[in-house]
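# Coordinates in review
Given next are the chains, with one letter for each unit.
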Amino acid sequence: MEALAHQFFNLDIMRQAWPIILQGFGMTLLLCLAVIPLGLAGGLLVATASLSKSRALRWTVKGFNDVFRALPPLVVLILLYSGLPFAGIRLSPFAAVCLAFLLNNSSFYGEIYRAGIESVGRGQWEAARSTGLSAPHTFAYVILPQAVRNVIPDLVSNTVEVVKLTSIASVVSFTELLYAADMARSVTFNTSPIVLAALIYLVILWPVVRLMSRLEHRVAA
Amino acid sequence: MTSGPLAANGAERPILQVRGLVKRFGALEVLKGIDFAVAPQELVFVIGPSGSGKSTLLRCCNRLEEPDEGSIMVDGVELTDPRCDINAMRRRIGMVFQSFNLYPHLSALRNVTLALRKVLRKSRREADEIGRAALARVGLSDKVAAYPAELSGGQQQRVAIARALSLEPKIMLFDEPTSALDPELVGSVLATMRDMRESGLTMVVVSHEMRFARDAADRVVFMDGGRIVEEGTPEKIFTAPENPRARAFVAEIAR
């Protein structure tokens, strides 16, 4: 029992690892601040394009969504980071992570927006267009606000997934929270830094998860 | 209110002139060649059995449905012309829907001012002023800040009327404006429409409110199977229609 506590909940080691873990946490936050807005914007673009009158564009978007929803994001990341240099494009770990997340998240957020847009009744389009509003204005001021409101629980839920998924940046040596904790583990031969990292994820995301189930209940009501 | 039953055939240029209008949904021909005109300040009622094409006719008049054949002139502008700026025309053609279609995320005032701001590019102050006046005109001064979910059906429909009215349309199209309302709420909407009629607005109303038609309409058009089968004064259509289907229909709704 004591050995277990020593291996997993060693406060001494946690204290030693704290500075580097805090730094890693800072990088995770930075990453989130980059990839979440990128994904939300990319998703909006994808959803808008999927409403286009051009069949070619709609099919391109469909193909894009299918591919990036099926491909594991880790595979995309390694491909970009280790594959692109052979094509003469060398991305920094940060840039590679941002690009991989943009591709992956645009398809997931895009599908959520699309569901939201489809949940807004046809009558809303017609009412807005009948007052002379252009299609883009109708979309921006009438459809999108309602669409987003209808899918807020799904947007939040996907965002939680995105935050958790930032830990894959560790495989391209980006020193985010998991990478920092794993470095501390490998020099101390002790699992406590990983436990500390897990606790940080938990403390950050647990309130969001709580909020999410409340939102879902409210939408259901 | 003294304009003759067929004033559209007179010298004055009609506000709305439909010629040879055909609309198909797939293999189904919903409108089979409609000729229809509405004179300035005229109130025309369109009645007919469900599926007769009344709503489709109305919806072609602002191109919410694209006509397959024929011509639609509004205030001298050909709507089916590819060069026609349909958005500029639509704000001159007010439309009121059966299901109100208010924007649920916006207050009554913002429902009215959205097009004023984005289509007519008015300043917020000016748009608010016009919006408040339009809501006052439909008797909803005290509901300016209310959201659609907080309003009764009758109030929602009046906000929808104010939304169309605020753009100063040349003609207003009403697509069964009272059929989604509880009976006790119909009166307030009809009163608003009567008030608009008295101020000289040109109106086309798809509705079965016979009493309203009798004392407010200049002309009643009976449609059946995608065609205009009979038209005339409310008096004539409601008491002595010539067409047997019109007779059967009027007897049915009068019950």
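Everything quoted here is computed from the prediction, not taken from an experiment. (Residues numbered from 1 in each chain as written. Chains lettered and ligands numbered in written order. Predicted model: local features only at pLDDT ≥ 70, side-chain atom pairs only at ≥ 80, totals over all residues. Heavy atoms only, no water.)

### Quick look at the nonpolar core
L16, F36 and V204 of chain B are the most contacted members of the largest nonpolar core, which totals 75 residues. Among the elements that make up this core, the one with the highest residue count is helix α5 (residues 93-119) of chain A (ten residues). The residues touching F36 of chain B, leaving out its near neighbours within four places in the chain, are L16, Q17, V18, V44, V46, L57, V204, V221 and I228 of chain B. Formed by 49 residues, the second largest nonpolar core is a distinct cluster that contains L165, F174, M203 and A217 of chain B. (Core = buried A, V, L, I, M, F, W, Y, C linked by side-chain atoms within 4.5 Å. Buried < 20%, exposed > 50% of the residue type's maximum accessible area, 1.4 Å probe, protein only. Helix = DSSP H or I, 4+ residues; strand = E, 2+ residues; numbered from the N terminus. Contact = heavy atoms within 4.5 Å.)

### Some remarks on a nonpolar patch on the surface
A contiguous nonpolar patch, built from M1, L4, F8 and F9 of chain A and spanning about 490 Å² of accessible area, is present on the exposed surface. When you line up the elements, F8 of chain A lands in helix α1 (residues 2-8). (Patch = residues over 30% accessible without salt bridge, like charges linked within 9 Å, V, L, I, M, F, W, Y side chains within 5 Å. Areas by Shrake-Rupley, 256 points an atom, 1.4 Å probe, with all protein chains shown as cover. Salt bridge = Lys/Arg side-chain N within 4 Å of Asp/Glu carboxyl O.)

### Brief notes about the environment of P93 of chain A
Residues and elements named next belong to chain A. Along the polypeptide, P93 turns up in helix α5. Considering only alpha carbons, one finds P93 and V172, 79 residues apart in sequence, at a separation of 5.8 Å. With near-sequence residues (within four places) excluded, P93 lies in contact with Y81, V172 and F174.

### Topic: the pairing of strand β6 (residues 93-96) of chain B
Residues and elements named next belong to chain B. Of the two faces of β6, the one carrying I93 and M95 and the one carrying G94 and V96 are both buried. By the bridge criterion, four bridges tie β6 to strand β7 (residues 171-175) in an arrangement that is parallel. Along β7, the bridge assignment pairs I93 with I171. (Pairing = 2+ DSSP bridges.)

### What about the interface of chain A and chain B?
Taken together, the contacts link 18 residues of chain A with 22 residues of chain B. With both sides pooled, the region where chain A packs onto chain B buries about 1,700 Å², and carbon together with sulfur makes up 57% of that total. Three residues stand out in chain A for area buried against chain B, namely S130, T131 and Y141 of chain A, and they jointly supply 30% of the buried area on that side. The tally of links from chain A across to chain B stands at two salt bridges. Here R59 of chain B makes a salt bridge to E126 of chain A, at a shortest N to O gap of 2.7 Å. (Buried area = accessible area lost by both parts, 1.4 Å probe.)

### Structural notes on the sheet that holds strand β4 (residues 69-74) of chain B
Residues and elements named next belong to chain B. In space, the four strands of this open sheet follow the order β2-β1-β4-β5, with antiparallel pairing throughout. Since the sheet does not close on itself, it has two edges, and those belong to β2 (28-38) and β5 (77-78), each with one partner. Direction of pairing for strand β1 (residues 16-25) relative to β2: antiparallel, over a ladder of eight bridges. Counted as the bridge partner of V18 is F36 from β2.

### Brief notes about the side chain of R158 of chain B
All names here are of chain B. Here R158 lies in helix α5 (residues 153-165). Buried and without a salt bridge, R158 has D142 as its closest oppositely charged side chain, separated by 7.0 Å. Residues contacting R158, with those up to four places away along its chain left out, are V138, G139, L140, S188, V189 and T192. (Lys, Arg positive; Asp, Glu negative; His and termini not counted.)

### Looking at the packing of helix α3 (residues 108-118) of chain B against α5 of chain B
All names here are of chain B. Between α3 and α5, the shortest axis-to-axis distance is 8 Å and the interhelical angle comes to 25 degrees. Considered as vectors, α3 and α5 are oriented roughly parallel to each other. For the crossing formed where α3 meets α5, the hand is right-handed. Contacts between α3 and α5 pair A108, N111 and V112 from the former with V159, A162 and R163 from the latter. Considering only residue class, the contact of α3 with α5 consists of four nonpolar, one polar and one charged. (Axes fitted to C-alpha atoms, helices over the stretch in contact; angles between N-to-C directions. Parallel < 35°, antiparallel > 145°, perpendicular 65-115°, else oblique. Left-handed = near helix turned anticlockwise from the far one by under 90°. Nonpolar A, V, L, I, M, F, W, Y, C, P; charged D, E, K, R; others polar.)

### Concerning unusual backbone geometry
Leaving glycine out, the prevailing phi sign among residues is negative, and the prevailing peptide bond configuration is trans. Residue and element names in this part refer to chain A. One non-glycine residue, S173, adopts positive backbone phi at about 55 degrees. One can find S173 in the loop between α8 (152-165) and α9 (177-188). For F189, which is not glycine, the phi dihedral falls at a positive 55 degrees. By the secondary structure assignment, F189 is in the loop between α9 and α10 (192-220).

### Remarks on α3 of chain B
By the criterion of burial, α3 of chain B is predominantly enclosed, with eight of the eleven residues buried. Those residues of α3 of chain B that sit buried are A108, L109, N111, V112, T113, L114, A115 and L116 of chain B. For α3 of chain B, the elements touching its buried residues are α7 (135-150) of chain A together with α4 (124-137) and α5 of chain B.

### Looking at the environment of S82 of chain A
Along the chain, the position of S82 of chain A falls in helix α4 (residues 73-83). Spatially, the C-alpha atom of S82 of chain A lies 14 Å from that of I168 of chain A, the residues being 86 residues apart in sequence.

### With respect to the confidence of the model for chain B
Overall, the predicted model of chain B reaches an average pLDDT of 92, with 96% of residues at or above 70. Low pLDDT, under 50, characterises residues 1-10 of chain B; the stretch is placed with 19 contacts to residues that sit more than four places away or in other chains. (pLDDT = per-residue confidence, 0-100.)

### Looking at the sheet that holds β6 of chain B
Residues and elements named next belong to chain B. Across the sheet, which stays open at both edges, the six strands sit in the order β6-β7-β8-β3-β9-β10 with mixed pairing between neighbours. Bordering the open sheet on either side are β6 and β10 (227-232), each of which pairs with just one other strand. Across the sheet, the axes of successive neighbouring strands diverge by a mean angle of 20 degrees, strand direction being ignored. Relative to strand β9 (residues 219-224), strand β3 (residues 43-47) runs parallel, the two being bridged by four bridges. Within the sheet, the bridge partner assigned to F45 lies in β9 and is V220. Each of β6 and β7 touches α5; the most contacted strand, β6, lies at about 170 degrees to it. Most of the contacts of helix α9 (residues 244-254) go to β9, to which it runs at about 105 degrees, and overall it touches β3, β9 and β10.

### Brief notes about the packing of α5 of chain A against α8 of chain A
All names here are of chain A. In the contact formed by α5 and α8, the axes pass within 10 Å of each other and the chain directions differ by 165 degrees. The orientation of α5 with respect to α8, classified from their angle, is roughly antiparallel. The chirality of how α5 crosses α8 is right-handed. Contact residues: α5 offers F101, N104, N105, F108, Y109 and I112, while α8 offers D154, L155, N158, T159, V162 and L165. Among the residues forming the contact of α5 with α8, the class breakdown is seven nonpolar, four polar and one charged.

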